[in-house]
Amino acid sequence: MGPLGLVDLSTAVNRHQPFQVHITSASLHLDTSVEITPTRSGLDIESTSSWWSRRVQLAAHFPPGARLPDTASLEAPQLRVPAAALGLPHYEAIEGSAFAVWAQGALKANVTAQALPVAGQSELPPLELKLRASGDTNAVVIETARLSSPGLTAETSRRLVLAFKGPFLREPVELKLAAVLNHQPWLPLKLDGQIWGTADLRPSNGKYPQAHFQLGGLGVGDVNFIEMLINEYLGG
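Keep in mind it's a predicted model, so treat the numbers as computed, not measured.

Chemist: Honestly, the overall build of the chain in this entry has me stumped. Any pointers?
Modeler: Broken down by element type, the chain carries one helix and 15 strands. In the chain, 29% of the contacts between residues at least 6 apart in sequence involve partners at least 24 apart. Accessible surface, the chain: about 14,700 Å² in total, of which carbon and sulfur atoms supply 57%.

Chemist: How should the nonpolar core be read in this particular structure?
Modeler: Among soluble globular proteins, nonpolar side chains are generally buried collectively. Counting residues in hydrophobic clusters, the biggest one holds 18 residues, and the most contacted among them are I142, I195 and L201. Going through the elements one at a time, β10 (139–148), β13 (173–180), β14 (194–202) and β15 (210–218) are the ones with two or more residues in this core. The contact partners of L201, leaving out residues within four places of it in the chain, are L169, P172, V173, L175, Q210 and A211. Core analysis: the second largest hydrophobic core is formed by seven residues, Y91, I94, A115 and L124 among them.

Chemist: Which parts of the structure should I look at to understand the pairing of strand β9 (residues 127–135)?
Modeler: One face of the sheet, then the other: side chains in a regular strand alternate in exactly this way. With nine bridges joining them, strand β8 (residues 106–115) and β9 adopt antiparallel strand pairing. Paired with V111 across the two strands is L131, which belongs to β9. Bridge count between β9 and β10: eight bridges; the pairing is antiparallel. Bridge assignment links S134 to a residue of β10, and that residue is V141. Where β9 hands over to β10, the hairpin turn is made up of three residues, counted between the paired strands.

Chemist: Quick question: what am I supposed to make of the pattern of salt bridges here?
Modeler: Any two side chains of opposite charge can pair, so long as their charged atoms come close to each other. Throughout the structure, instances matching the rule amount to seven salt bridges. Between E128 and R146 there is a salt bridge, and its shortest N-O distance comes to 3.3 Å. Residue E128 is located in strand β9, and its partner R146 is located in strand β10; the two are separated by 18 residues in the primary sequence. Among the residues examined, E128 registers a relative accessible area of 23% and is labelled partly exposed. Across the pair R146 and E155 runs a salt bridge, and its minimum N-O distance is 3.1 Å. According to the relative accessible area criterion, R146 is partly exposed, its value standing at 26%. For E155, a relative accessible area of 32% corresponds to the partly exposed category. By sharing partners, the salt bridges in this structure join E128, K130, R146 and E155 into a single network.

Chemist: What should I look at first to understand the pairing of strand β3 (residues 30–39) in this one?
Modeler: Pairing analysis gives seven bridges linking strand β2 (residues 19–25) to β3, with the strands arranged antiparallel. Residue pairing in the sheet places T24 in a bridge with D31 of β3. In this structure, the hairpin formed by β2 and β3 is closed by a connection of four residues, where H29 is found at a positive phi of approximately 55 degrees. The pairing of β3 with strand β4 (residues 42–51) spans 10 bridges and is classified as antiparallel. In the strand pairing of β4, V34 is matched with S47.

Chemist: What am I meant to see in the side chain of S134 here?
Modeler: Looking at the element boundaries, S134 is found in strand β9. For S134, a relative accessible area of 9% corresponds to the buried category. Within the local environment of S134, its side chain forms a polar contact with the side chain of E143, the two groups lying 3.0 Å apart. Not counting residues within four places of it along the chain, the set of residues in contact with S134 comprises L107, K108, A139, V140, V141 and E143.

Chemist: Can you help me understand the environment of A133 in this one?
Modeler: Within the secondary structure, A133 sits in strand β9. Residue class for A133 comes out buried when judged on its relative accessible area of 8%. For the pair A133 and A100, spaced 33 residues apart in sequence, the C-alpha separation works out to 9.1 Å. Ignoring sequence-local partners within four residues, the contact set of A133 consists of L107, K108, A109, V140, V141, I142 and E143.

Calculation criteria
Residues numbered from 1 in each chain as written. Predicted model: local features only at pLDDT ≥ 70, side-chain atom pairs only at ≥ 80, totals over all residues. Heavy atoms only, no water. Helix = DSSP H or I, 4+ residues; strand = E, 2+ residues; numbered from the N terminus. Contact = heavy atoms within 4.5 Å. Areas by Shrake-Rupley, 256 points an atom, 1.4 Å probe, with all protein chains shown as cover. Core = buried A, V, L, I, M, F, W, Y, C linked by side-chain atoms within 4.5 Å. Buried < 20%, exposed > 50% of the residue type's maximum accessible area, 1.4 Å probe, protein only. Pairing = 2+ DSSP bridges. Salt bridge = Lys/Arg side-chain N within 4 Å of Asp/Glu carboxyl O. Polar contact = N/O pair within 3.5 Å; in protein donor to acceptor, adjacent residues only side chain to side chain.

So this is what it looks like as structure tokens:
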């Protein structure tokens, strides 16, 4: 069971136009009202949610017979979620925002989040997420991406183009990394210490990119062995 616990959902549907759906979940701290309006020009969908008492709005217009909307938007200007609900008990509430717009076949999105350690946890770094992206129906372009958390820090050196069909990576990119190894459950061995360095990602003939890691470390023993292990496990 995750930090959010069991998910409970309650729905109510109004069958008269405009169709209305009300969704509530106490465990997710979510209350959502959705209005669906058929029109001569297609289908309009609008959603207003309260998530942890903060407003989230969605809107989309679908032309007749279309599977994708021709316009859509997401607005969540003042998000605030208790860090403990996301498995981070030593942090104050996570605050941030999320915006996205889809129009004329193009996407623009911007997501930010940050949180400070609680009093008495000054050895922990601030938590920060910054993501700015654009795209279309063929690929998404990560213009800016940075994650800073207790166990992992990662940042792109340049924009990252990810295609929806392989090969997924179309341009080489370098990721700057720093990690506390015993906070990484995906590693095949239980390891201690800290590592830092770069991951060089390059397009390949297959779907997935080639990856090569160059690392330094502290308290990990033979850092060359750790570098070899991660290259073998993730590098392909």
